[in-house]
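For reference, the chains in residue letters:
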Amino acid sequence: MKILCLMLALLALLALPAQARTVVDSAGRIVEIPDEVDTVFAAGPPAAILLYIVKPEAMTGWPRALRPDEREFIAEPYRDLPETGRLTGRGGEANLERVLQIQPDLILDFGSVRDTYVDLANRVQDQTGIPYLLIDGRFENTPEALRVVGEALGVPERGEALAEDVEATFARIERILETVPEGERPRTYLARGPDGLETGIKGSINTEIIERAGGRNVADDGGATRGLVQVSMEQMITANPDTIVTWDPNFYAKVFDDPLWQGIDAVQSGRVYLSPSLPFGWIDRPPSLNRIMGLIWMTGLLYPDDWEGNLREETREFYRQYYHVDLSDDQLGRLLQWTEGRSGE
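Keep in mind that what you see is a predicted model, and the values were worked out from it rather than measured.

A. Structural detail: the sheet that holds strand E3 (residues 40-42). Sheet architecture is open: three strands sit in the order E3-E4-E5, paired in parallel fashion. Both outer strands of the open sheet, E3 and strand E5 (132-136), are each paired with one neighbouring strand and no more. Strand-to-strand twist of the sheet, defined as the mean angle between neighbouring strand axes without regard to direction, takes the value 25 degrees. Summarising the sheet, strand E4 (residues 106-111) and E5 pair through five bridges and their orientation is parallel. Across the sheet, the residue bridging to aspartate 109 is leucine 134, located in E5.

Rendered as structure tokens:
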């Protein structure tokens, strides 16, 4: 009889719902999440990168399946995860039926916390019954984001270690910038697209890396515009940056020989740099934790006499610590081939 009662008590315990806890996300929403979070749906590419870095085993897929050239820079167990689509950003194609089919413990979004995204989070959570965390994706919030997500996913030590690493990087940069007046900082332009005439206005998430690394973004209209814009060649000539960074290999391949760009100081001095983009862009594409590696690279470009560090060693360590891969010498060489300008040509 005692054994029967014990078995019934055990079955009753197993039938209880999973324990839950509350997390306050970056929008101030109080979200109840399971005590153990084993599966997570990433609402968009920035969230997928954050999730992959903090707890890859919780991934349910990639918003876009990895391309062949990206796969070798991702840890093998996660290269062939399915494509899930996305809930946020341009070209969002995931539908709630797909989310419900996956039935994750949690939905994670990383980026803007404007009202539009808060409304989306609330609506999806109400319609699916799946908790939805909205995490601020601004550069300055990166350490806090890592700590919150690490706690939420049950890996607080991992979140703390990464947060401290980012804080150390920020501190290295601050020590340099505190001695350089704003007016003496390099005039920098982000060239997007094959013609180089798409860019991000100062203050946009796409060019945060320039300003955080101590560059003066020449695409500055005093705050009248935000986000991505198209500029004319006449505007480029007037802005006349002394440093250009791009992630577009087509633009980089032609800029030095294009007569339209010949008068720009950055082109004349050879200060045009091609950012690595595997497995994720170092500048944006998307604007997630991948930008931390770009921040290290760009600060070294802008302040080579003050930045203490070796790009090859720091790249290898970043990919090991954040992307869970050990780069071969060949992989490292291909990544960094054009990061120092035309000297490797």
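B. How the structure looks around helix H5 (residues 115-128). In this model, H5 (14 residues) spans 20 Å end to end at C-alpha, consistent with the 20 Å of a helix rising 1.5 Å per residue. Within H5, burial applies to Val118, Leu120, Ala121, Val124 and Thr128. Considered in projection along H5, the buried side chains sweep an arc of 160 degrees and stay on one side of the axis. Opposite the packed face of H5, turned more than 90 degrees from it, sit the exposed residues Asp115, Thr116 and Asp126. Elements in contact with the buried residues of H5: helix H4 (96-102), E4 and E5. Positive backbone phi, at 75 degrees, marks glycine 129, one or two positions downstream of H5.

C. Representation of the packing of helix H12 (residues 291-302) against helix H13 (residues 311-323) within the structure. Contact pair H12 / H13: the axes reach a minimum separation of 11 Å and the direction vectors enclose 170 degrees. Judged by the inter-axis angle, H12 sits roughly antiparallel to H13. Here Ile292, Met293, Ile296 and Trp297 of H12 come into contact with H13, specifically with Leu311, Glu314, Thr315, Phe318 and Tyr319.

D. Structural detail: the environment of glycine 223. Following the sequence through the fold, glycine 223 ends up in the loop between strand E8 (216-217) and strand E9 (228-230). Judged by relative accessible area, glycine 223 falls into the exposed class, the value being 52%. Glycine 223 sits 121 residues away from isoleucine 102 along the chain, and the two C-alpha atoms are 42 Å apart.

E. Highlighting the sheet that holds strand E10 (residues 243-246). Taken together, four strands build an open sheet; the order of strands is E8-E6-E10-E11 and the sheet is parallel. Only two strands of the sheet have a single partner each, and these edge strands are E8 and strand E11 (272-274). The pairing of E10 with E11 spans three bridges and is parallel. In the sheet register, threonine 246 faces E11, and the bridge partner there is leucine 274. Helix-sheet contacts for H12 involve strand E6 (187-191), E10 and E11, and the interaxial angle to E10 is about 160 degrees.

F. Spotlight on unusual backbone geometry. At the junction of leucine 278 and proline 279, the peptide bond is cis and its omega measures out at -5 degrees in the coordinates. Mapped onto the elements, proline 279 comes out in the loop between E11 and H12. In this chain, arginine 285 is followed by proline 286 through a cis amide linkage whose omega measures -5 degrees. For proline 286, the position within the fold is in the loop between E11 and H12. Positive phi outside glycine occurs at glutamine 103, with the angle close to 55 degrees. Here glutamine 103 lies in the loop between H4 and E4. Since its relative accessible area comes to 46%, glutamine 103 is described here as partly exposed. In this structure, arginine 285 sits in the loop between E11 and H12.

Quick notes on the rules
- Residues numbered from 1 in each chain as written.
- Predicted model: local features only at pLDDT ≥ 70, side-chain atom pairs only at ≥ 80, totals over all residues.
- Heavy atoms only, no water.
- Pairing = 2+ DSSP bridges.
- Helix = DSSP H or I, 4+ residues; strand = E, 2+ residues; numbered from the N terminus.
- Axes fitted to C-alpha atoms, helices over the stretch in contact; angles between N-to-C directions.
- Expected span 1.5 Å × (residues − 1).
- Buried < 20%, exposed > 50% of the residue type's maximum accessible area, 1.4 Å probe, protein only.
- Arc of directions from axis to C-beta.
- Contact = heavy atoms within 4.5 Å.
- Parallel < 35°, antiparallel > 145°, perpendicular 65-115°, else oblique.

None of this, on its own, says anything about what the molecule does.
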